[in-house]
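What follows is the residue order along each chain.
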Amino acid sequence: IGEIFAVISGIEYAYVKAPTSMKSIVMALFVCARAVGSLLNVALVPVNTDPIIIWMYVSLAIGTFIIGIIFYLCLRNDDKQMLLKGAPKRAESTLSVAT
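Here the structure is a predicted model, which is why all the values come from computation and not from measurement.

## Brief notes about the overall build of the chain
Part 1 of the reasoning: Scanning the chain from N- to C-terminus turns up 4 helices and 0 strands.
Part 2 of the reasoning: Seen in sequence order, the chain has helices and strands lined up from the N terminus as α-α-α-α.
Part 3 of the reasoning: When contacts within the chain are restricted to residue pairs at least 6 apart in sequence, those whose partners lie at least 24 apart make up 47%.
Part 4 of the reasoning: In the structure as shown, the chain presents an accessible area of about 8,500 Å², 71% of it carried by carbon and sulfur atoms.

## So, the UniProt feature "transmembrane region" (unreviewed entry) in the chain
Part 1 of the reasoning: In this numbering, the UniProt entry assigns the feature "transmembrane region" (unreviewed entry) to residues 25-46 and 52-75.
Part 2 of the reasoning: Along residues 52-75, the helical share is 96% and the strand share 0%, with 35 Å between the first and last C-alpha atoms.

## Focus: a nonpolar patch on the surface
Part 1 of the reasoning: A contiguous nonpolar surface patch, about 1,200 Å² in accessible area, is contributed by Ile52, Ile54, Trp55, Val58, Ile62, Phe65, Ile66, Ile67, Ile69, Ile70, Tyr72 and Leu73.
Part 2 of the reasoning: Checked against the element boundaries, Ile70 lands in helix H3 (residues 53-75).

## Some remarks on the confidence of the model for the chain
Part 1 of the reasoning: Summary statistics for the chain give a mean pLDDT of 78 and a share of 83% for residues scoring 70 or more.
Part 2 of the reasoning: Taken element by element, the chain is modelled with least confidence in helix H4 (residues 78-85), mean pLDDT 71, and with most confidence in H3, mean pLDDT 88.

Parameters at a glance
Residues numbered from 1 in each chain as written. Predicted model: local features only at pLDDT ≥ 70, side-chain atom pairs only at ≥ 80, totals over all residues. Heavy atoms only, no water. Helix = DSSP H or I, 4+ residues; strand = E, 2+ residues; numbered from the N terminus. Contact = heavy atoms within 4.5 Å. Areas by Shrake-Rupley, 256 points an atom, 1.4 Å probe, with all protein chains shown as cover. UniProt positions renumbered as here; feature names shortened; annotations may be inferred. Patch = residues over 30% accessible without salt bridge, like charges linked within 9 Å, V, L, I, M, F, W, Y side chains within 5 Å. Salt bridge = Lys/Arg side-chain N within 4 Å of Asp/Glu carboxyl O. pLDDT = per-residue confidence, 0-100.

Here you go:
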């Protein structure tokens, strides 16, 4: 379920925030970031043994917390600036389900 939320958020960000000429590049960077995450997952498989499994999850939780703080500090004013300038119209998504 978390992967679904992450993918939907990434696609929405690429189509709403990116300029028309850069949408492909933004999506490519998003997919590359997911690929790096998958490589990290594969690299941590050998650590996934019973006595040391807690350290793997603790280190991932600490790393995620630190990156979350950095992400918040870098982008905390993004929504405020967008509201002050006026939100751009949402682009019509090609991924919408036909009704």
